[in-house]
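Structural features, examined
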Amino acid sequence: MTASALAEYLHSHMPLSRSMAVSVVSASAMEVVLEAPLAPNLNVHGTMFGGSIATLALLAAWSAVHLRLEARHFAGQLVVSRSETDYLNPIHGPARAIARLDGLDWDGFSRRLHRHGKARLTVTAEVLSGEHIAARLFATFAALDR
């Protein structure tokens, strides 16, 4: 799936991404990079709203796993079962979320999915403000075969 196709998919299937003005910088089966501007995600302090930060990171992590599963022709459901966000620094401008899938146990995940029809995988996404890490999300996703 191309970056523009992923953006269209997110905006049509997850309307909050459109309201947040999320854009897809890059998308592959190994890494997804999303961006969001400050203006539609502002809080009362003039910085990015924590919910927007967490959502941007969660969208990046979900998208990375979705693209990886799509590349393996997985037709089931992918849902978040748990997430935790650490907020490290305020964001005063646009934010960029990066989710990378290198270093994860894909073979074990795939075996469990094939054997049991379901499997869980934990992914980390970082949200950058400029060159600094502003937040880190840890999300566990459940893949459920139909």
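Residues numbered from 1 in each chain as written. Predicted model: local features only at pLDDT ≥ 70, side-chain atom pairs only at ≥ 80, totals over all residues. Heavy atoms only, no water.

1. Focus on the overall build of the protein chain
Each helix and strand in the protein chain was counted, giving four helices and six strands. Reading the protein chain from its N end, one meets helices and strands in the order α-α-β-β-α-β-β-α-β-β. Radius of gyration (C-alpha) of the protein chain: 15 Å, near the 15 Å computed for a compact globule of 146 residues. Judged by the C-alpha coordinates and their principal axes, the protein chain covers about 50 × 30 × 20 Å. Expressed as a percentage of its 146 residues, the buried residues of the protein chain come to 42%. Within the protein chain, counting contacts between residues at least 6 apart in sequence, those at least 24 apart form 67% of the total. Summed over its atoms, the accessible surface of the protein chain is roughly 7,600 Å², and 53% of this surface lies on carbon and sulfur atoms. (Helix = DSSP H or I, 4+ residues; strand = E, 2+ residues; numbered from the N terminus. Rg over C-alpha atoms; globule rule 2.2 N^0.38 Å. Buried < 20%, exposed > 50% of the residue type's maximum accessible area, 1.4 Å probe, protein only. Contact = heavy atoms within 4.5 Å. Areas by Shrake-Rupley, 256 points an atom, 1.4 Å probe, with all protein chains shown as cover.)

2. Points about the layout of surface pockets
Approximately 280 Å³ is the volume found for the largest pocket. As for the largest pocket, its lining consists of 16 residues, of which Met-14, Trp-62, His-66, Leu-78 and Val-79 are closest to the centre. Those elements that provide at least two residues to the lining of the largest pocket are α3 (50-71) and β3 (77-87). In terms of residue count, α3 provides more of the lining of the largest pocket than any other element does, seven residues in total. Residues of the lining of the largest pocket, tallied by class, amount to eleven nonpolar, four polar and one charged. (1 Å grid on protein atoms, 1.4 Å probe; cavity = no way out; pocket = protein on both sides within 12 Å on 5 of 7 lines; lining within 4 Å. Points joined across faces, edges and corners; volume = space filled by probe spheres on them. Nonpolar A, V, L, I, M, F, W, Y, C, P; charged D, E, K, R; others polar.)

3. As for the packing of aromatic side chains
Evaluated as defined, the whole model comprises two aromatic pairs. Summarising the aromatic geometry, the rings of Trp-106 and Phe-109 are spaced 5.3 Å apart at their centres and angled 85 degrees between planes, so their arrangement reads as edge-to-face. Within this pair, Trp-106 and its partner Phe-109 are both found in helix α4 (residues 106-116), separated by three residues, close to a single helical turn. (Phe/Tyr/Trp six-rings, centres within 6.5 Å; stacked < 30°, edge-to-face > 60°.)

4. Examining the packing of α3 against α4
It is the contact of α3 with α4, at a shortest axis distance of 13 Å, that shows an interaxial angle of 65 degrees. Of the possible angle classes, the one that applies to α3 and α4 is roughly perpendicular. As for the relative orientation of α3 and α4, their crossing is right-handed in sense. Here α3 contributes Val-65, Arg-68 and Leu-69 to the contact with α4, which in turn contributes Trp-106, Phe-109 and Leu-113. Classifying every residue of the contact of α3 with α4 by side-chain character gives five nonpolar, no polar and one charged. (Axes fitted to C-alpha atoms, helices over the stretch in contact; angles between N-to-C directions. Parallel < 35°, antiparallel > 145°, perpendicular 65-115°, else oblique. Left-handed = near helix turned anticlockwise from the far one by under 90°.)

5. Some points on the pairing of strand β6 (residues 132-144)
In terms of strand pairing, β3 meets β6 through ten bridges, oriented antiparallel. Bridged to Ser-83 within β6 is Ala-139. One ladder, built from twelve bridges, connects strand β5 (residues 118-129) with β6; its direction is antiparallel. In the sheet register, Val-123 faces β6, and the bridge partner there is Ala-139. The turn linking β5 back onto β6 is made up of two residues, and Gly-130 within it adopts a positive phi angle of 65 degrees. (Pairing = 2+ DSSP bridges.)

6. Some details on the side chain of His-11
Mapping His-11 onto the fold places it in helix α1 (residues 3-13). On the basis of relative accessible area, His-11 is assigned to the buried category, the value being 19%.

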